[in-house]
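Chain residues, written in single-letter form:
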Amino acid sequence: MAVSTAEIEGVRPYARRRLRGARLLGLALFSPAVLYIVALVGLPFALAFLYSVGNVTVGSVGYRFVGLENFRSVLQSPAFRRALLNSFVFTICTQVIVIVCANVLALALRERFRGRGLVRFLILLPWVAPISLGAIGWKWILDSLYSVINWTLARMHLVNLFDPPMWLGEPALAMASVILVHAWRMIPFSTVILLAGLTSIPREIPEAAAVDGAGFWRTHFEITLPMMRPIINVAVLFGVIFTFTDMTVVYILTRGGPYDSTQVLPSLAFFTGVLGSDLAEGAAISVFLVPILVVVAALMLRIAYRAEVT
Amino acid sequence: MAIVETRQLTKVYRKGQAAAVHEIDLATRDGEFLVFLGPSGSGKSTLLRMIAGLEEPTEGDVLIGGKVVTELPPRARGIAMVFQSYALYPHLSVARNIAFPLKAHGVEKEERLERVGWAAKLLGIEHLLDRRPRELSGGERQRVALARALVRKPTVFLLDEPLSNLDAKLRASARDELAQFHRSVRTTTIYVTHDQVEALAMGDRIVVLNEGSVRQIGTPHEVYDNPADTFVATFLGSPPMNLLPDDGIIAGFRPESLLPPSAVQGEAVRLRARVTHVEWLGSERVVYATVDGGRFDGKKVIARIPVSIPATFEEGRAEELLVPRRQLRFFDKASGKRTAPPEIAWQ
């Protein structure tokens with residue numbers, strides 16, 4: 001094909017201009033996201049690493065590199081080891097409760113009944129209400145003097161009104177309370193995810209199971225649950241992240257007490273680094289969250305990829 | 001082997017609305033291949049689902065093998081069902097899919113393996129046993145679904161449009177396989193379809209349904225040759241039966257009965273028709289024409305003329321066409337029901 005040089009020269013600058021324009025537009029659209037991630041995630045993250053190997057405190061201006069000194073000191077502190085263990089107990093117990101309850105709720109909400117819309121709304125409430133409000137409500141419900149639970153139990157002659165259980169004052173009970181309140185808050189989220197998974201199963205599949213002779217339990221455990229596994233994984237992973245990095249419930253209900261028995265890593269990092277002014281050690285504590293969250297994130301991406309493939 | 005019976009079976013989804021299935025009485029014969037045929041919304045699937053126990057009847061009863069099973073769950077009815085989507089369990093291998101009904105009925109593992117092998121062999125899917133459903137083609141999935149239905153040796157097979165997800169070529173061979181399969185097991189089978197070719201080719205008898213009611217029950221010959229009303233006459237056959245209304249009655253004849261004079265022997269009625277359009281389909285020609293003169297002047301008719309009959313049709317030309325008198329059917333104009341042949345003049 002014969003094309004004159006004039007033609008090429010006439011076309012090219014225009015094409016180049018257009019290409020440059022498209023690239024600029026791409027950059028313009030892309031940059032807010034990059035800016036956001038760098039400023040609000042990247043910088044604090046880098047700062048935390050920097051602090052964790054330095055000697056910074058709130059109010060100090062100097063910075064001296066101290067190597068792994070902070071980590072050594074953190075690892076030797078019993079409070080940290082307790083918080084690490086608590087973080088795992090808190091996360092695992094909460095997630096087990098959440099997944100079981102969310103499953104039951106999702107099954108119930110799939111059925112058609114009068115007032116289903118209202119029930120769905122009520123079940124979602126703990127998730128949409130501000131967590132501080134909900135936690136403060138629970139603080140009163142579990143209060144040592146004004147506990148409505150103790151009042152009810154005393155009226156039923158199950159506990160002594162003058163020596164009631166201290167829901168937030170005894171280590172084991174306090175841990176259980178924190179776990180249950182956080183589970184209460186997480187259940188709606190998982191319920192919605194599982195309900196979506198449940199309704200995405202074609203109606204003919206449980207029907208085929210019914211004709212094949214399976215009852216409710218067999219259908220649920222051998223057909224429905226395995227088919228929902230990818231979406232349950234998603235719910236669990238999100239739940240783990242929300243739980244492992246959360247300190248609101250612990251902070252409001254117990255402040256990590258009594259005697260650090262409900263302290264978790266994020267709350268310990270906050271108490272040490274911000275309230276205790278030892279920024280370096282607080283940073284070192286929070287850096288311990290990173291490998292765990294990296295594993296969870298990697299799993300999440302893998303599952304998302306596999307869900308796409310199937 | 002069992003007989004399935006319905007008594008005054010009715011399903012109303014919403015009060016005040018028309019019934020999806022209206023007071024249906026029918027009974028299969030033992031070992032029969034019965035087809036429910038009707039357009040979408042005719043209630044054929046609802047009827048099947050009530051027989052399966054997946055849908056609760058508003059009124060009436062279902063009997064299987066002489067026993068009322070209306071209150072029983074699907075698993076207690078001794079039925080097996082193949083769904084339109086096949087409804088294979090996606091997370092289980094083919095072998096475990098087929099074994100599932102046996103497991104649910106507490107069959108021992110050894111016998112399970114043996115029966116799965118038997119069913120797989122019968123349907124020629126032994127090489128697929130380790131695969132997952134998503135790795136199978138449409139035809140293979142359909143066979144797996146059949147194997148899963150068959151493995152339990154049910155007394156009744158219920159098939160809900162099992163071929164509609166296959167492509168046209170595969171459908172013809174699957175139809176043949178299904179018919180052969182039924183001949184070999186001889187289990188009472190109810191087959192739901194909207195495809196008249198499937199119904200005519202496979203059914204021992206056909207139940208033609210429309211708007212929740214039975215329009216006709218009969219052998220393929222009966223429903224095709226002697227339709228009970230104008231609905232059956234036009235729903236079966238492609239193109240549908242020609243219906244020429246006149247005061248009080250409707251005269252009907254199949255397009256393949258409308259032929260040039262050279263191809264008709266014996267007593268026949270005569271129509272002059274102007275050809276409007278001709279479709280050449282290789283083995284036959286479909287001639288669209290308008291009656292020219294006589295008492296049916298202006299009415300549209302369709303003729304299907306095999307290419308083996310020598311005749312040429314030109315658009316715009318009037319042709320002489322004959323209908324053998326014994327091929328004529330008559331319907332009451334008000335009710336649409338079949339009536340005796342009246343004395344009418346055709347010219």
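Just so it is clear, the structure is predicted and the values come from calculations on it, not from any experiment.

Turning our eyes to something else, we now look at the overall build of chain B. When you go through chain B residue by residue, the secondary structure sums to 8 helices and 18 strands. If you line up chain B on its principal axes, its C-alpha atoms span 75 × 45 × 35 Å. Every one of the 347 residues in chain B was classed for burial, and the buried ones make up 40%. In chain B, the share of contacts with a sequence separation of at least 24, taken over all contacts with a separation of at least 6, comes to 64%.

A separate point is unusual backbone geometry. Residues and elements named next belong to chain B. Between Ser238 and the following residue, Pro239, the backbone shows a cis peptide bond with an omega angle of 0°. With a phi angle near 50°, Lys153 is a residue other than glycine that sits in the positive phi range. Turning to its location among the elements, Lys153 is positioned in the loop between helix H4 (138–150) and strand E7 (156–160).

Contacts between the two partners involve 15 residues from chain A and, on the opposite side, 19 residues from chain B. Tallying contributions element by element places helix H8 (residues 204–212) of chain A first for the side of chain A that touches chain B, with 7 residues. Of the residues contributing to the side of chain A that touches chain B, the split by class is 9 nonpolar, 2 polar and 4 charged.

It is worth spelling out the domain arrangement of chain B at this point. Think of interface size as the accessible area that goes away when the parts come together; that is how it is often given. Each assigned domain of chain B is listed here: domain 1 (4–225) and domain 2 (242–339). Relative placement of domain 1 of chain B and domain 2 of chain B: their C-alpha centres are 39 Å apart.

So, on to the sheet that holds strand E16 (residues 318–324) of chain B. Two modes of strand pairing occur in sheets, parallel and antiparallel, and in both the strands are linked by backbone hydrogen bonds. Residue and element names in this part refer to chain B. Read from one edge of the open sheet, 4 strands run E15-E14-E13-E16, paired in antiparallel fashion. Of all the strands in the sheet, the pair left with one neighbour each is strand E15 (300–306) and E16. The sheet shows a mean angle of 50° between the axes of neighbouring strands, direction not considered. Inspection of the sheet shows strand E14 (residues 284–291) paired to E15 by 7 bridges, in the antiparallel sense. Counterpart to Ala289 in the pairing with E15 is Val301.

Before going further, it helps to examine H4 of chain B. Residues and elements named next belong to chain B. Taking 1.5 Å as the rise per residue, H4 with 13 residues should run 18 Å; its terminal C-alpha atoms sit 18 Å apart, in good agreement. With 10 of 13 residues buried, H4 lies mostly within the body of the structure. What H4 keeps buried is the set Arg141, Gln142, Arg143, Val144, Ala145, Leu146, Ala147, Arg148, Ala149 and Leu150. On the buried face of H4, the contacting elements are strand E6 (79–82), helix H2 (94–104), helix H3 (109–123), E7 and helix H5 (168–185).

All names here are of chain B. The pairing of strand E13 (residues 268–280) with E14 spans 7 bridges and is antiparallel. Residue pairing across strands places Val278 opposite Val287, the latter belonging to E14. Linkage of E13 to E14, two consecutive antiparallel strands, is achieved through a turn of 3 residues, within which Gly282 is found at a positive phi near 90°.

Attention shifts here to the nonpolar core. In terms of nonpolar packing, the biggest core is built from 141 residues, with Ile98, Ala147 and Leu158 of chain B touching the most fellow members. For this core, the leading source of residues is helix H7 (residues 171–199) of chain A, giving 10 residues. Each of domain 1 (4–225) and domain 2 (242–339) of chain B accounts for three or more of the residues forming this core.

What follows deals with the packing of helix H2 (residues 69–76) of chain A against helix H12 (residues 279–287) of chain A. All names here are of chain A. For the pair H2 and H12, the least separation of the axes is 9 Å and the interaxial angle reads 75°. By the criterion of interaxial angle, the relationship of H2 to H12 is roughly perpendicular. Together, Asn70, Phe71, Ser73 and Val74 of H2 and Ala280, Glu281, Ala284 and Ile285 of H12 make up the contact between the two elements.

A separate point is the packing of helix H3 (residues 78–110) of chain A against helix H9 (residues 216–244) of chain A. All names here are of chain A. Running from N to C, H3 and H9 point in directions that differ by 140°, and their axes come no closer than 10 Å. Here H3 runs over H9; the crossing is right-handed. Contacts between H3 and H9 involve Ser87, Phe90, Thr91, Thr94, Gln95, Val98, Ile99 and Ala102 on the former and, on the latter, Ile232, Ala235, Val236, Gly239, Val240, Thr243 and Phe244. Considering only residue class, the contact of H3 with H9 consists of 9 nonpolar, 6 polar and no charged.

Cut-off values and rules
- Residues numbered from 1 in each chain as written.
- Chains lettered and ligands numbered in written order.
- Predicted model: local features only at pLDDT ≥ 70, side-chain atom pairs only at ≥ 80, totals over all residues.
- Helix = DSSP H or I, 4+ residues; strand = E, 2+ residues; numbered from the N terminus.
- Buried ≥ 20, exposed ≤ 12 C-beta atoms within 10 Å, placed from the backbone.
- Contact = placed C-beta atoms within 7 Å.
- Nonpolar A, V, L, I, M, F, W, Y, C, P; charged D, E, K, R; others polar.
- Domains from an automatic or database assignment.
- Pairing = 2+ DSSP bridges.
- Axes fitted to C-alpha atoms, helices over the stretch in contact; angles between N-to-C directions.
- Expected span 1.5 Å × (residues − 1).
- Core = buried A, V, L, I, M, F, W, Y, C linked by C-beta atoms within 7 Å.
- Parallel < 35°, antiparallel > 145°, perpendicular 65-115°, else oblique.
- Left-handed = near helix turned anticlockwise from the far one by under 90°.

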